[in-house]
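Here is how the chains run, residue by residue.
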Amino acid sequence: METREGLNWRKLVVTILMFAGSVLFLLPFIWMLITSFKVETDVFTYPIQWIPKHWNAIENYKEVWFGDYPFPLYYWNSIKVAVITTVVSCLISAMAAYGFSKIKFAASNFLFMIVLVTYMIPGQAILIPQFILYRNIGLFDSHLGLIMLGSFSVLGTFMLRQFFMGLHQEFIESAKIDGAGHARIFWSIAMPLVKPAVATYAILRFIWTWNDYQNPLIFIRSDNLLTLPIAIQKFTSMSGEFYSLIMAAAVSAILPLIIIFIIGQKSVIEGIALGGVKG
Amino acid sequence: MGQNIETLSQKPPAARKRKGWSLQRGETLSGFLFVSPMLIGVSILVLIPIIATLVLGFADWNFVQGFDGIRWVGLQNFINLFQDEMFIRSIRNNFIFLLTVPIYLLVSMVLAVLIDRYVYLKGYFKIAYFVPYVSMTVAVAVVWQVLFQPSYGPINEMLKAIGISDPPKWIADPHFALISIMMISIWISIGFNMIIYIAGLQSIPKDLYEAADIDGANAWTKFRRITFPLLSPTSFFLLVTGIIATFKVFDIIAVMTQGGPIGSTTMMVWYLYDTAFVNLKVGYASAIAVVLFVFVLLITFGQWLAEKKWVNY
C-alpha cells in the first residue's frame, strides 16, 4: 500500500496533467472568447494572440447588440420561448408524474404505457406530420407552436415520477383524511417536497430549449420570430468575414447557459446522472 | 412544508364523510385530470403524427398540391429509396458515425475514473469537460467552422507551423469532412457520458478496491478486473443511447456542411430534412422517416433482449 504522502504527490501530477488536458479541451471556447475581444485584422494572425494586442471588446459587443442586426429581439424571443416552455413543461410533466405515481386509478398503467411508448419515437420521424398539422391549425410560424412542441416531455414525466414515487404515501393519505383534494395535495405538499427534482428538470429543459435549432428551423418562418440558434447562423452568413463580431454573438448566446450551468451545476449533473437523461 | 401539513390537519373532520365507491370514482377522475394534459399533448403531437408518417410513407405527395394531390404508390417509395445513391450514402455515413460511440465511451470512462479517484478539484473538472455539452451546438459549430478554415484557420496554421506543409481542408474536403464532424461530435459527447460514468463509479463498493490493495494489485489491474466489468451496465446503457443519438444527428450537419461537400456528410436525418423541407417530396421523405423509426425501434428492441440476457443489475 502506498503512503499518504506518495499518494498525494501522484494525485498532484495527475491533477496538473488533467488540468492541461482540460485547457486543451476548452481551447475552442477560449479562442472564441478572446477573438470576440479583438479587432478584426488580428483574428487570424499567427502565432495566435492569446492576449489581444488591440482590445476592441466594447466596440464588438456594441456592434452586435446595437448594430443593424436586431440581436436584442432574438435574445428576447429566446428568453420568452425558453422560459415559458420550461414553466409549462414542468407543470404538465409534474402533474402527469403525480397522477401516474400517487393516484391509483383504473387504466393508469395502460395510459402510462402509452406515454412510455412515445418515448421510443425519434422526434425527427414525426416532423412532417407535425408540420402539416401546424400549417392546418394555425400554429405554424408562431411562438405558441414552438412552445407547445417542447411542453409535453415524456422524459420530464419519467424523471419526476421517479421522485414522486420516493415520497411516502402516508403524506398523501393523511392529507386526504384531513379533507385535502389531490389538487391541494399536489400543489402544497407534493410539489414543495420534490422541488429539487423540478429545479433540475427545469434547468435541463431551459438549456435544451435555448439550444434548440431544429424546431425553429422548421416551424418558424418570420424573421422577427426567430430564436438565437438560427439568428446566429444567419448573422454568420451575413457578417461574412467579420469573425470577431460572429464570436461576440456566439459568446453572447452561450453566456446565459454557462452562468445557469455553473449556478445549477450540482443539480444538473445529479439529474443527468440519476436519470441518464439525454436531450 | 411541516407548516402545510399542520394547517391541513386543523380542518374539521367533517370532510372525511365522502367514502366508499364514490371515493374510488373521485380518484379515477382526479387521476385522469392530472395525466390528461400530458396524454392529450402526446397523442396529438406524437402518436397521431407517427401513424401519419407510416401512412404517408406509401404516398407520392408534394406539400404545395394540397390533400387532393396525394397519390398512393404502395411500396414504390421504399423500392426507390434503396436504389437512391444519396440515401444509401446517408445510411453508410450513419454507420460510419457509429464509430464515435466506442471512442467517446472509452475517453469518458478513463476521464471519469481519473476525476473520481486521482485528482484534486473534482468540481472544476466535471464542469470543464461538461461545458461543450451544454453549449449551443450552433454557436459551437460556428466556432469550429472558423477553426477548421482551410487556408488561414488556426488549426491549419498550427499544423503548418509544426511542418505539415499540406494539411487537410477539413470540412471543405470530401475525404475529411465526415471525420471532422465526428471529432466535434466526440468532443461534445464526452461530458455527458463522463458524468454518467462518474455516477456509475459511485455504485462500485469501495471494499473491492481495498481488498485488491491488500493483494497488491496495481492501478491497471484494478481497472481491468474491478472498474471495467462493474461499469458494464453503465457502458451498455450509454452504448445504446449513443447509438440512437447517432441516428438523430442533424444540427451540426445543417450548420457546418449541409450534407456536403458532394454528399460526403449527408446523414439520414439531414437527407430527410432536405427531401421534405427543401425538395418538398413529402411521401418520399416519410419513407425515410419510417426507415429511421424502424432503425431506432430495432435498437431499442435489441437493447431489451440483451438486457434480459446479459445484464444483471
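Residues numbered from 1 in each chain as written. Chains lettered and ligands numbered in written order. Predicted model: local features only at pLDDT ≥ 70, side-chain atom pairs only at ≥ 80, totals over all residues. Heavy atoms only, no water.

### Remarks on the UniProt feature "domain: ABC transmembrane type-1" (unreviewed entry) in chain A
For clarity, the cut-off: UniProt positions are given in the numbering used here, feature names are shortened, and annotations may be inferred rather than shown by experiment. Runs of H or I in DSSP of at least four residues are treated as helices and runs of E of at least two as strands, each being numbered from the N terminus.
The UniProt entry lists residues 75-264 of chain A under the feature "domain: ABC transmembrane type-1" (unreviewed entry), expressed in the numbering used here. Summarising residues 75-264 of chain A: 78% helix, 0% strand, and an end-to-end C-alpha distance of 21 Å.

### Description of the UniProt feature "transmembrane region" (unreviewed entry) in chain B
Feature annotation in UniProt places "transmembrane region" (unreviewed entry) on residues 32-59, 95-115, 127-148, 176-199, 228-247, 253-273 and 285-306 of chain B, given in this structure's numbering. For residues 228-247 of chain B, helix accounts for 95% and strand for 0%, while the C-alpha atoms at its two ends are 27 Å apart.

### Looking at the pattern of salt bridges
The condition that has to hold: Each reported salt bridge corresponds to a side-chain nitrogen of Lys or Arg within 4 Å of a carboxyl oxygen of Asp or Glu. Partly exposed residues are those whose accessible area sits between 20% and 50% of the maximum for their type, while under 20% is buried and over 50% is exposed, using a 1.4 Å probe and protein chains only.
Here the structure, examined in full by the defined rule, presents six salt bridges over all chains. The partner of K176 of chain A in a salt bridge is E27 of chain B, and the shortest N-O contact between them spans 3.4 Å. Of this pair, K176 of chain A sits in helix α9 (residues 169-177) while E27 of chain B is found in helix α2 (residues 21-56), placing the two residues in two different chains. K176 of chain A gets classed as partly exposed once you look at its relative accessible area, which sits at 24%. Note that D116 of chain B is salt-bridged to R117 of chain B, the shortest N-O span being 3.5 Å. The class of R117 of chain B is partly exposed, set by a relative accessible area of 23%. Look at the salt bridges and you will find they share partners, linking E173 and K176 of chain A together with E27 of chain B into a network.

### Considering the domain arrangement of chain B
Where interface size is given, it is often the accessible area lost as the parts come together that is meant. All names here are of chain B. Note the following rule: Reported domain spans reflect what an automatic or database domain assignment gives. Buried area is calculated as the accessible area (1.4 Å probe) missing from two parts once they are joined, with the contributions of both summed. We call two N or O atoms a polar contact when they sit within 3.5 Å, provided that within protein one can donate a hydrogen and the other can accept it, with sequence-adjacent residues counted only if both atoms are side-chain atoms. Gly falls in the polar group here, along with every residue not listed as nonpolar (Ala, Val, Leu, Ile, Met, Phe, Trp, Tyr, Cys, Pro) or charged (Asp, Glu, Lys, Arg).
Under the domain assignment used here, chain B contains domain 1 (27-72) and domain 2 (75-308). Between domain 1 and domain 2, the C-alpha centre-to-centre distance is 31 Å. Interface of domain 1 and domain 2: buried area, both sides summed, is about 1000 Å²; carbon and sulfur atoms make up 74% of it. Joining domain 1 to domain 2, the criterion identifies zero salt bridges. Across the contact surface, domain 1 and domain 2 share three residue pairs in polar contact (both at pLDDT 80 or more). Top element by residues in the side of domain 1 that touches domain 2 is α2. It accounts for four residues. Of the residues assigned to the side of domain 1 that touches domain 2, the class counts are eight nonpolar, three polar and no charged.

### Re the packing of aromatic side chains
For any pair of aromatic rings, the description rests on two quantities: the centre-to-centre distance and the angle between the ring planes. Just so we agree on the cut-off: Only rings of Phe, Tyr and Trp enter the pairing, Trp through its six-membered ring, and a pair is recorded when the two centres are within 6.5 Å. The plane angle decides the type: under 30 degrees is stacked, over 60 is edge-to-face, the rest tilted. Charge over a ring is defined by NZ of Lys or CZ of Arg lying within 6 Å of the ring centre and within 35 degrees of the ring normal.
This model, assessed by the stated rule, comprises 49 aromatic pairs over all chains. Look at F19 of chain A and Y124 of chain B: their rings are 5.5 Å apart centre to centre, the planes differ by 40 degrees, and that puts the pair in the tilted class. Here F19 of chain A is found in helix α1 (residues 4-25), whereas its partner Y124 of chain B is found in helix α6 (residues 122-134) on a different chain. Overall, the relative accessible area of 30% leaves Y124 of chain B in the partly exposed class. Seen from their ring centres, Y124 of chain B and F125 of chain B are 5.1 Å apart, and the 70 degrees between their planes marks the pair as edge-to-face. An aromatic cluster is built from F25 and F29 of chain A together with Y129, W144, F148, W170, F176 and W187 of chain B, whose rings are joined through pairwise contacts. Here the guanidinium or amino end of R135 of chain A rests over the ring plane of F140 of chain A, the centre of that ring lying 4.5 Å away.

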